[in-house]
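Architecture and fold: a report
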Amino acid sequence: GPKVLQIPSHQIIDMGQMVTLNCDPVSNHLYFYWYKQILGQQMEFLVNFYNGKVMEKSKLFKDQFSVERPDGSYFTLKIQPTALEDSAVYFCASSPSWGLNQDTQYFGPGTRLLVL
Amino acid sequence: SQWGEENLQALSIQEGEDVTMNCSYKTYTTVVQWYRQKSGKGPALIILIRSNEREKRSGRLRATLDTSSQSSSLSITGTLATDTAVYFCATDEVSGSFNKLTFGAGTRLAVCP
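All figures in this text were calculated on a predicted structure; none of them were measured in a lab.

**Quick look at the sheet that holds strand 5 (residues 55-58) of chain B**
Residue and element names in this part refer to chain B. Spatial ordering of the open sheet is given by 2-7-6-5, a layout of 4 strands whose pairing is antiparallel. The sheet is open, and its two borders are formed by strand 2 (19-24) and strand 5, each paired with just one other strand. When the angles between neighbouring strand axes are averaged without regard to direction, this sheet yields 15 degrees. Of the strand pairs in this sheet, strand 5 and strand 6 (residues 61-66) are connected by 4 bridges, and their pairing is antiparallel. Paired with Glu55 across the strands is Thr64, a residue of strand 6.

**Some points on the side chain of Gln37(A)**
For Gln37(A), the location among the structural elements is in strand 4 (residues 31-37). On the basis of relative accessible area, Gln37(A) is assigned to the buried category, the value being 12%. A polar atom in the side chain of Gln37(A) sits 3.3 Å from the backbone oxygen of Gln41(A). Those residues in contact with Gln37(A) that lie beyond four places of it in its chain are Gln42(A), Met43(A), Ala88(A), Val89(A), Phe91(A), Gln37(B) and Phe88(B).

**Comments concerning the pairing of strand 10 (residues 107-112) of chain B**
All names here are of chain B. Only one face of strand 10 is covered, namely the one carrying Thr107, Leu109 and Val111; the face carrying Arg108, Ala110 and Cys112 has none of its residues buried. Pairing of strand 1 (residues 9-14) with strand 10 involves 6 bridges; the strand directions are parallel. Counterpart to Leu11 in the pairing with strand 10 is Leu109.

**Some thoughts on the side chain of Arg36(B)**
All names here are of chain B. Of note, Arg36 is situated in strand 3 (residues 31-37). Engagement of the side chain of Arg36 in a polar contact is seen with the side chain of Tyr87, the distance being 3.0 Å. Those residues in contact with Arg36, other than ones at most four positions away along the chain, are Gly42, Pro43, Ala44, Ile46, Leu61, Asp83, Ala85, Val86 and Tyr87.

Parameters and conventions
Residues numbered from 1 in each chain as written. Chains lettered and ligands numbered in written order. Predicted model: local features only at pLDDT ≥ 70, side-chain atom pairs only at ≥ 80, totals over all residues. Heavy atoms only, no water. Pairing = 2+ DSSP bridges. Helix = DSSP H or I, 4+ residues; strand = E, 2+ residues; numbered from the N terminus. Axes fitted to C-alpha atoms, helices over the stretch in contact; angles between N-to-C directions. Buried < 20%, exposed > 50% of the residue type's maximum accessible area, 1.4 Å probe, protein only. Polar contact = N/O pair within 3.5 Å; in protein donor to acceptor, adjacent residues only side chain to side chain. Contact = heavy atoms within 4.5 Å.

Below, the structure written as structure tokens:
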């Protein structure tokens, strides 16, 4: 089936540093999402993105977070500066459309971020 | 939270047994999705049930939805060791023009061969 790729699979950084998480969505998809999952907890919505814009974000999407997809390349989540509580697995997802009968969101394998 | 169950639950069963996992939700939704997440992988949709359906089947999977009690269940018959995973239910909020999934805490299912 359609695959979403995420790079890197693991990242360890020092608190205060910047990190960029990369997502390679399914090629014909237009809608992109980031979710955050802290170990042992449920996955939580961060942000959705369409046509170069953030359309909706949750309270977890702090000011230190930003997303972009320049020129159809990777869909990225940047955290600057990082904090200890940012340690989690970040999942990217994409879907071709939206709505009540939307196509499925396809998830990547996640990037495991550890902030020391 | 959208979901009544806040803590990850764990089940351990023998291969061949049937299992049912339950979720309850707090706010209106038009669809409940069930995802399977295997170790080291992202979640994958396995079955989806809409608010106008009471039951949905797909192979060994059966999902039910009771909108009056705002609860859903996922049953797997004749489990296999490969069914070992965390199972999440999720509601799909269509907000304006966009969707976002709200996940429950999940059930960690271990199927022993």
